[in-house]
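Each chain, letter by letter, is given below.
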Number of protein chains: 2
Amino acid sequence: MKEFSFIKEFMKPLSVSDEHVVLGIGDDAAVIRLGENEELVVSTDTQVESRHFPVGADYALVVARAIGCAVSDLAAMGAQPLGFTLSLSCPNLNVELARRIAEGVAMGIERYQTPIIGGDTVQGPFTISVTVMGRVEAGQALRRTGAQDDDDLWVTGTLGGSAAALEEIDNTDIGNLSALDQAYWQPPCRLEFGQGLARGIATSCLDLSDGLAGDVRHILQSSGLGAEIDRGRIPINPLALGRVGRDASFELAFQGGDDYELLFTAPASKRQEVESLSLTSNTPVTRIGRLNLNREILLIVDDGNATICTNSGYGHF
Amino acid sequence: MKEFSFIKEFMKPLSVSDEHVVLGIGDDAAVIRLGENEELVVSTDTQVESRHFPVGADYALVVARAIGCAVSDLAAMGAQPLGFTLSLSCPNLNVELARRIAEGVAMGIERYQTPIIGGDTVQGPFTISVTVMGRVEAGQALRRTGAQDDDDLWVTGTLGGSAAALEEIDNTDIGNLSALDQAYWQPPCRLEFGQGLARGIATSCLDLSDGLAGDVRHILQSSGLGAEIDRGRIPINPLALGRVGRDASFELAFQGGDDYELLFTAPASKRQEVESLSLTSNTPVTRIGRLNLNREILLIVDDGNATICTNSGYGHF
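Residues numbered from 1 in each chain as written. Chains lettered and ligands numbered in written order. Predicted model: local features only at pLDDT ≥ 70, side-chain atom pairs only at ≥ 80, totals over all residues. Heavy atoms only, no water.

(A) Spotlight on empty space enclosed by the protein. One pass over the full model with this rule turns up one cavity of 30 Å³ or more. Reported here for the largest cavity is a volume of approximately 60 Å³. Lining the largest cavity are Thr46(A), Ser87(A), Ser89(A), Thr127(A), Ser129(A), Thr46(B), Ser87(B), Leu88(B), Ser89(B), Thr127(B), Ile128(B) and Ser129(B). (1 Å grid on protein atoms, 1.4 Å probe; cavity = no way out; pocket = protein on both sides within 12 Å on 5 of 7 lines; lining within 4 Å. Points joined across faces, edges and corners; volume = space filled by probe spheres on them.)

(B) Layout of the packing of aromatic side chains. All names here are of chain A. One pass over the structure, following the stated rule, counts 13 aromatic pairs over all chains. When the centroid spacing of 3.8 Å and the interplanar angle of 10 degrees are considered together, the rings of tyrosine 59 and phenylalanine 126 count as stacked. Taken as a pair, tyrosine 59 in helix H2 (residues 59-77) and phenylalanine 126 in the loop between strand E5 (116-123) and strand E6 (127-137) lie far apart in primary sequence, 67 residues in all. Residue classification places phenylalanine 126 among the buried residues on the basis of a relative accessible area of 3%. (Phe/Tyr/Trp six-rings, centres within 6.5 Å; stacked < 30°, edge-to-face > 60°. Helix = DSSP H or I, 4+ residues; strand = E, 2+ residues; numbered from the N terminus. Buried < 20%, exposed > 50% of the residue type's maximum accessible area, 1.4 Å probe, protein only.)

(C) Highlighting the sheet that holds E6(A). Residues and elements named next belong to chain A. Here six strands make up an open sheet; going across it, the order is E1-E2-E3-E6-E4-E5 and the pairing mixed. Both edges of this open sheet fall to strand E1 (21-23) and E5, since each of them pairs with a single strand only. On average, adjacent strands in this sheet sit at an angle of 20 degrees to one another, irrespective of strand direction. In the sheet, strand E3 (residues 38-48) pairs with E6 via 11 bridges, with the strands oriented antiparallel. Bridge assignment links valine 42 to a residue of E6, and that residue is methionine 133. With respect to the sheet, H2 is in contact with E1, strand E2 (30-34), E3, strand E4 (80-90) and E6, its orientation differing from that of E6 by roughly 30 degrees. Where helix H3 (residues 95-112) meets the sheet, it contacts E4 and E5, and its direction lies at approximately 165 degrees from that of E4. (Pairing = 2+ DSSP bridges. Axes fitted to C-alpha atoms, helices over the stretch in contact; angles between N-to-C directions. Contact = heavy atoms within 4.5 Å.)

(D) How the structure looks around the UniProt feature "binding site: Mg(2+) 3" (unreviewed entry) in chain A. Residues and elements named next belong to chain A. Under the local residue numbering, the UniProt record ascribes the feature "binding site: Mg(2+) 3" (unreviewed entry) to Asp28, Asp73 and Asp207. What stands out for the annotated residues spanning 180 residues is how close their C-alpha atoms remain, the widest pair being 7.8 Å apart. Inspection of the secondary structure assignment puts aspartate 28 in the loop between E1 and E2. Given a relative accessible area of 8%, aspartate 28 falls into the buried group. Beyond its immediate sequence surroundings of up to four residues, aspartate 28 is in contact with Ser43, Asp73, Ala76, Met77, Arg144, Cys205, Leu206 and Asp207. (UniProt positions renumbered as here; feature names shortened; annotations may be inferred.)

(E) Representation of the UniProt feature "binding site: Mg(2+) 1" (unreviewed entry) in chain A in the model. UniProt's feature table lists "binding site: Mg(2+) 1" (unreviewed entry) at Thr44(A), Asp45(A) and Asp120(A), given in the numbering used throughout. Position of Asp45(A) among the secondary structure elements: in strand E3. Relative to the helices and strands, Asp120(A) is located in strand E5. When sequence neighbours within four positions are dropped, the list of residues in contact with Asp120(A) reads Leu86(A), Ser87(A), Leu88(A), Glu3(B), Thr44(B), Asp45(B) and Thr46(B).

Structure below.
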């Protein structure tokens, strides 16, 4: 059973409305009302050795990356981070491992601008779970829903780097990561940009964890709209392009995932505000397409030829 | 390396003060300031198969219990629950397992009065991590620190039942749990009582997870005080007493842990308020001893004989 079906069939029905719960299971994060003007944003992210990170990897890298992946959900909601808790299960907590974990926590705190507030450490198979909390002004949290017909579709940063790095991840020497390795191990921190988007710019937003194809689909399903993406505008990570070439790097960007960049929609009238937020927050941003009324259909346009991208993937270039 | 040393040496130094972080690593839960009058209480609890729950146990029981253990930290802080997130790693999520998990979540929501707001499900060795969030009025959260000389020492409920049940846990048939099995699988919900204690009654509070001896020690270390406990007043679970006898059941209460009852201190002037809160919240409560100035020394008084309880345990009756 896929996680998606499990959540939809079994967990979501248990997430009832409540005077405090503004947004329950189903978005990047949950939103809870707190007082008159403030909302709490909460998200949790769990990673297991060999499934979510390579066996034998430096735990400092693993821990810092797990913090980055979780904080990315706060960025996607436009929230200010308040803190995170870290639950660690590891087989044998000796002093050397404790040092690596502590270094990872310190790197995570520094890079993702979020304090550690608690945690739990138990003996067991290596698993790491990070829960992040942030705040937004009431009603301001960005969601997956909200995209409108004719909105522009934008992404931050470049895509495909993380998946390209993961294809031959053999270097976890923390002092000597290549620029491409960093695309996997050091997810970007888009907090400032996300907070800016939440001030009336974006109509919907999420972070790219499943690959562009899957994540655009989340926006389309939430809005009932379609989208057209200009293949030539997709900002492919140049190091991925250099390593695997044009078509393979496009596939990595499109299907690979783990980029943790923001994907968002905004009306065409906001283009200048997006560009100016990009400058002030030092966040590269690219307009890759536009929404339309073609119900949940994703079209990829390449040199004038349009291809429908289906659920079963998109491998026909 | 023990979890305690890991936290003290490696994690606590990373938990810096912050304009928002009122209480970081080290208590039952963290406290974060939110607006003028409100604070957020956050705690996380991780459980691993075979270490924290028996292999082959019904996952509905495991999940519901994990929720109860985490919510217990909110009770110990005097907080009102806002919601919890559930991170699950399990080897093979088929429909039957999904149903057991969903039943456990539903039981947990019902019994511990806390809505589910999100989570994450991944494939991996069976591990469950619950993060709970609650609210308190600013400055009202109960802590481990705060006990005063001459304060009474109180516990809710009865002790030793969970440890007695765990000694021969062979029944995880959810429809047919014995009363003693329930002491392990269904931690009590002391939210209402804890919230009452936070309205100016208790000077310190925590939930009993390490056994009475270890948890009293947490209060003594936090306050620099000593305590005298009247052995005859310790409320031993009568089913545990019936199964293993007086001395062994005392050991289970004292060293066994996992009772998730509240242990708290309050001035003698508050006795009537404690009793009256006990009645209105339908929570049994027992005064078991008193604090004194004997720096961090725990004395057990039994029929007029006093024994010093040391860190290395207390097995000399």
